[in-house]
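Architecture and fold: a report
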Amino acid sequence: MEEIKSSQNLYVSMTPTRTVQSFLDAKKKGSPIPEEVWKSLHGYRKWDEPDLIGLRNASAYAPEILFEEGMDAEIERLLAEFKKKIVPHKF
C-alpha cells in the first residue's frame, strides 16, 4: 500500500519545469509519456508565469502537450491575469 501511495504522490513533487522537460525528453526518445507527467500537466492552472510561458513555448515543439480543448487560450488568460498584477512605477 505504501508503494502505491508514494507513486500516486510522485506527480505532486514534480516541478512544472521538470514536467515539461520530461514530456519533451519522452517525445524526443519516442517513448510513452509517463503517467506522473500527465498528472502534473493537469495542474497547469496553478503554475506560475514563467512555467506557463515554458509550457506554451514547449507546445511549439510538441503540440500534443496541449492536451485539452482550448488549453492555449486558457494559458493566455492565465498569463493576462499575471500581467494585471504588475504595478507600473516611475524612477
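Scroll up for the structure.
Residues numbered from 1 in each chain as written. Predicted model: local features only at pLDDT ≥ 70, side-chain atom pairs only at ≥ 80, totals over all residues. Heavy atoms only, no water.

1. With respect to the pattern of salt bridges
How we decide: Just to be clear on terms, a salt bridge is a Lys or Arg side-chain nitrogen sitting within 4 Å of an Asp or Glu carboxyl oxygen. Each helix is a run of DSSP H or I of at least 4 residues and each strand a run of E of at least 2, with the numbering of both proceeding from the N terminus. Working definition: with a 1.4 Å probe on protein chains only, accessible area under 20% of the residue-type maximum means buried, over 50% means exposed, and in between means partly exposed.
Taken as a whole and judged by the stated rule, the model has seven salt bridges. When the shortest N-O distance is used, the salt bridge between Arg45 and Glu74 registers 3.6 Å. Residue Arg45 is found in the loop between α4 (35-41) and α5 (49-61), and its partner Glu74 is found in helix α6 (residues 71-84); the two are separated by 29 residues along the sequence. Judged by relative accessible area, which is 17%, Glu74 ranks as buried. The partner of Glu81 in a salt bridge is Lys84, with the nearest N and O atoms 3.4 Å apart. One end of the pair, Glu81, and the other, Lys84, are both in helix α6, three residues apart, so they sit about a helical turn from each other. The exposure class assigned to Glu81 is partly exposed, which follows from its relative accessible area of 33%. Salt bridges here are not isolated pairs; linked through shared partners, they connect Arg45, Glu68, Glu74 and Arg77.

2. Regarding the nonpolar core
How we decide: Among buried residues, those of type Ala, Val, Leu, Ile, Met, Phe, Trp, Tyr and Cys that are joined through side-chain atoms within 4.5 Å constitute a nonpolar core. Only heavy atoms matter for contacts: two residues are in contact if any of them lie within 4.5 Å across the pair.
Tyr44 and Leu55 are the most contacted members of the largest nonpolar core, which has 18 residues in total. Taken together, the elements giving at least two residues each to this core come down to α3 (16-29), α4, α5 and α6. Element by element, the count of residues in this core is highest for α6, at four residues. With residues near it in sequence (within four places) discarded, Tyr44 still touches Leu52, Leu55, Phe67, Glu68, Met71, Glu74, Ile75 and Leu78.

3. Observations concerning the packing of α5 against α6
The criterion, for reference: With axes taken as lines fitted to C-alpha atoms, and helix axes fitted only over the stretch in contact, angles between N-to-C directions fall between 0 and 180 degrees. Our angle categories are set so that under 35 degrees counts as roughly parallel, over 145 as roughly antiparallel, 65 to 115 as roughly perpendicular, and the remainder as oblique. In this scheme, a crossing is called left-handed if the near helix is turned counterclockwise away from the far one by less than a right angle; it is called right-handed if the turn is clockwise. Residues are sorted three ways: Asp, Glu, Lys and Arg are charged, Ala, Val, Leu, Ile, Met, Phe, Trp, Tyr, Cys and Pro are nonpolar, and all the rest, Gly among them, are polar.
Closest axis-to-axis distance for the α5/α6 pair is 10 Å, and the angle between their directions is 150°. Judged by the angle between their axes, α5 and α6 are roughly antiparallel. Where α5 crosses over α6, the handedness of that crossing is left-handed. Across the interface between the two elements, Glu49, Leu52, Ile53, Leu55 and Arg56 from α5 touch Met71, Asp72, Ile75, Glu76, Leu78, Leu79 and Phe82 from α6. In the contact of α5 with α6, the residues fall into eight nonpolar, no polar and four charged.

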